[in-house]
Amino acid sequence: MPDRTKDTRMNLFSDIRGAVLDALAAMQAEGALPAGLDMANVAVEPPRDPAHGDMATNAAMVLAKPAGQQPRAIAEALAARLAADPRIVTAEVAGPGFLNLRLTPDAWRGVVASALAEGADFGRSDMGQGVKVNVEFVSANPTGPMHVGHTRGAVFGDALAALLDFAGHEVTREYYINDAGAQVDVLARSAYERYREANGLDPEIREGLYPGDYLIPVGEALKARYGTSLLDKPESDWLADVRAFATGEMMQMIRDDLALLGVRMDIFSSEREITASGRVEEAIETLRGMGLIYEGTLEPPKGKLPEDWEEREQLLFRSTAHGDDVDRPVQKSDGSWTYFAPDIAYHWDKVKRGYGQLIDVLGADHGGYVKRLKAVVSALSDGSVPLEVKLIQLVKLYKNGEPFKMSKRAGTFVTLRDVVEQAGPDVTRFVMLTRKNDAALDFDFDKVLEQSKDNPVFYVQYAHARVCSVIRKAGEAGIAADDATLAGADLGHLSHDAELSLARKIAEWPRLVEIAARGQEPHRIAFYLYELASELHGLWNRGNEDTGLRFVQEGNVPVSQAKIALARATGVVISAGLGILGVTPAEEMR
RNA sequence: GGCCCCGUAGCUCAGGGGAUAGAGCGACCGCCUCCUAAGCGGUAGGUCUCAGGUUCGAAUCCUGACGGGGCCGCCA
């Protein structure tokens, strides 16, 4: 069982940063630097140009001004101290005051050893300090199957949740079911027509109802349950029952769709339950008590005035008090709640459940909704719980390089199931995570299935498969290559720069996890994995010309084991990274 | 009219205060007697949309243009 405590988990970059901070503290103790300096901006990172060294720190430049000293002078003094560190070979001042560090081969070998010892936990961070985070995502209306846009939201939300978990947060994946608005009444009426159809009558799929075939089995199920007892009854007799039944069926379908993608929610919250329990009124009254609810009229929107605009008094939330541009209506003119009102209650509910942070993953068309949500969470948590809204941009589908037109009407509506059945869950997930959430994504059915290096999924999978292949080959050659044996290998046999270079890339993994988690950017994992795979493929091919660089060295067990340990460490990181993205690592390519 | 996102190589995109701005594709030149060549190495290709500002330092932060997308009370 790998140890998960901070002291033993390897993160070479934060370790060296610690050494830099220690050296700076010692300089302060000696009076070489003034006390009370803010070290927050002192960074230790890989230099852009590897020729500069293994790691670089900007400490001298950051501290020069507050310390009232020349950057190069600080850097020189820091260099002298760091040179005494056994892990550091050279510390050279360069450029405007960078301090470039070169580490011993043993430092990099130590990273390989740690990756093997820590296994799937290598790179796990305690940065999140166990803070409870609620990630709400998908939340598709229970009125039909999930479409491509939902797919991206599902993949992003799930990967973000996994990433935050890996970075030390306690994560809850949550789905908010919009089962209370007018759209579920429409669903009920649509299902009722299918129920009539199931009973041999002609369905009347009027304008405004959902025409999709997916409701036909729901009609059948209604018949099985109610027989003919609902026929020729007024809507008021059956609406509530049919609605409950149909939304239940839709949610089952959505759960099945999510399962296809490998997404599992921890909690499903129901708008209907929140509304029925009186929590909306409670939330509004709480806001009223804060002076944030009032009767008023809104200014008409500037520019093009809607045709049917009329001034109207309604119940408003003073979201401008918490950073919004205008106040927002919580009640319609007929006195019923707007969609926003139950959302207020729902977010308050999440706050009360004790999360330290809320994240909503929403479609980009909800951009105009963000400020009021933040305002409400700010108001109801007294500013103590940050709400982050991640907007997911459009997915543009292509087939044969041609845009794929989608239209509900024409029946060319692409569902999550369509995508996953054609591309497979692994490809779907990886491709949808190769872009920032706030940038539009092109999804080309042909390109994503291509088996070449322009397809990042394939390329990363191939690297992992090669690692597995090496281990199989070792077995055939009679070289023990199980993890326990590899963990005990003498890594001193790794000395070629091409090998240490791969170890350097592996060393970046724990740092990358923290950067990605801090920015809530799972796409960084995907890009890193591509780079790591590239390093492995590069080293692999070096073995073509220089047989001494092949992983399996027939007849030399200790050297083989050291080299295979390096390959296996790479595989461990790829596997962990793919795990965060929700992609299964391939054992072999077939 | 307002708000949000985007603008980086021919194309698709990384990088989001730090040194000479990167990758893939496309183009060109090389590498299989060898652990999967489904791969690798190299060459060419940039006023980081523009203009100001902050900073020791700006593709990165701020302001304003311009271009593309999205949204803007009684839909959810």
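Residues numbered from 1 in each chain as written. Chains lettered and ligands numbered in written order. Predicted model: local features only at pLDDT ≥ 70, side-chain atom pairs only at ≥ 80, totals over all residues. Heavy atoms only, no water.

Attention now moves to the sheet that holds strand β10 (residues 328-329). What the three strands build is an open sheet, ordered β8-β9-β10; its pairing is antiparallel. Two strands lie at the open edges of the sheet, namely β8 (293-297) and β10, each paired on one side alone. (Pairing = 2+ DSSP bridges. Helix = DSSP H or I, 4+ residues; strand = E, 2+ residues; numbered from the N terminus.)

The next point concerns the pattern of salt bridges. For the structure on display, the rule yields 31 salt bridges. Three or more residues joined by partner-sharing salt bridges are found here, namely E174, R279, D349 and R353. (Salt bridge = Lys/Arg side-chain N within 4 Å of Asp/Glu carboxyl O.)

Here we take up the nonpolar core. Judged by nonpolar contacts, the single largest core of 132 residues is most densely connected at L24, F443, I506 and W509. Sorting elements by how many residues they give to this core places helix α20 (residues 557-581) first, with 12 residues. Both of domain 1 (12-103) and domain 2 (452-581) provide at least three residues apiece to this core. Excluding its chain neighbours within four sequence positions, the residues that come into contact with I506 are V111, A115, F122, Y528, L532, L566, A569, T570 and V573. (Core = buried A, V, L, I, M, F, W, Y, C linked by side-chain atoms within 4.5 Å. Buried < 20%, exposed > 50% of the residue type's maximum accessible area, 1.4 Å probe, protein only. Domains from an automatic or database assignment. Contact = heavy atoms within 4.5 Å.)

Now for the domain arrangement of chain A. The domains assigned to chain A are domain 1 (12-103) and domain 2 (452-581). A separation of 31 Å is found between the C-alpha centroids of domain 1 and domain 2. Of the residues lining the interface, five residues belong to domain 1; the matching set on domain 2 comes to four residues. Summing both partners gives a buried area of about 440 Å² for domain 1 against domain 2, and 58% of it is carried by carbon and sulfur. Its largest share of buried area at the contact with domain 2, domain 1 owes to F13, P46 and D54, together 72% of the area lost on that side. At the surface where domain 1 touches domain 2, the tally comes to two salt bridges. Across the domain 1-domain 2 interface, the total number found is two residue pairs in polar contact (both at pLDDT 80 or more). Looking at side-chain class alone, the side of domain 1 that touches domain 2 contains three nonpolar, no polar and two charged residues. (Buried area = accessible area lost by both parts, 1.4 Å probe. Polar contact = N/O pair within 3.5 Å; in protein donor to acceptor, adjacent residues only side chain to side chain. Nonpolar A, V, L, I, M, F, W, Y, C, P; charged D, E, K, R; others polar.)

Turning our eyes to something else, we now look at the sheet that holds strand β7 (residues 267-270). Read from one edge to the other, the open sheet built from five strands follows the order β7-β6-β5-β11-β12, with strand pairing classed as parallel. Because the sheet does not close on itself, it has two edges, and the strands there are β7 and β12 (387-392). Direction aside, neighbouring strands of the sheet carry axes that sit 25° apart on average. Inspection of the sheet shows strand β5 (residues 132-136) paired to strand β6 (residues 170-177) by five bridges, in the parallel sense. Residue pairing across strands places E136 opposite E174, the latter belonging to β6. Along the sheet, helix α8 (residues 235-261) makes contact with β6 and β7, crossing β6 at roughly 140°. (Axes fitted to C-alpha atoms, helices over the stretch in contact; angles between N-to-C directions.)

Closest axis-to-axis distance for the helix α4 (residues 105-118)/helix α17 (residues 497-507) pair is 9 Å, and the angle between their directions is 60°. As judged from the angle between their axes, α4 and α17 are oblique. Between α4 and α17 lies a crossing of left-handed hand. Contacts between α4 and α17 involve P105, W108, V111, V112 and A115 from the first element and L500, A503, R504, I506 and A507 from the second. Of the residues in the contact of α4 with α17, the class split is nine nonpolar, no polar and one charged. (Parallel < 35°, antiparallel > 145°, perpendicular 65-115°, else oblique. Left-handed = near helix turned anticlockwise from the far one by under 90°.)

By nearness alone, 59 residues border RNA strand B, and K65, R312, Q451, Y462 and S469 come closest of all. Those atoms of RNA strand B that come within 4 Å of the protein belong to sugar or phosphate at a rate of 57%. One nitrogen or oxygen atom from the side chain of R435 is found 3.2 Å from a sugar or linking oxygen belonging to RNA strand B. Here a phosphate oxygen of RNA strand B sits 2.4 Å away from a polar atom, N or O, in the side chain of R524. For the surface near RNA strand B, the element with the highest residue contribution is helix α19 (residues 523-545), accounting for nine residues. Of the residues contributing to the surface near RNA strand B, the split by class is 20 nonpolar, 18 polar and 21 charged. (Near = heavy atom within 4 Å.)

Moving on, we come to helix α5 (residues 148-166). Taking 1.5 Å of rise per residue, the 19 residues of α5 would be expected to cover 27 Å, and the 27 Å separating its terminal C-alpha atoms lies within 8% of that figure. Across the 19 residues that make up α5, a large majority, 17, are buried. Phi turns positive, to about 95°, at G168, one or two residues after α5. (Expected span 1.5 Å × (residues − 1).)

Another point: helix α13 (residues 416-423). The α-helix winds at 3.6 residues per turn, so residues separated by three or four positions along the chain end up facing the same way. Within α13 the residues assigned to the buried category are L416, V419, V420 and A423. For α13, the angular spread of buried residues about the axis comes to 90°, placing them on one side. The inward-facing, buried residues of α13 contact α5, α8, α14 (425-432) and β15 (441-444). Positive phi appears at G424, one or two residues downstream of α13, with a value of about 85°. (Arc of directions from axis to C-beta.)

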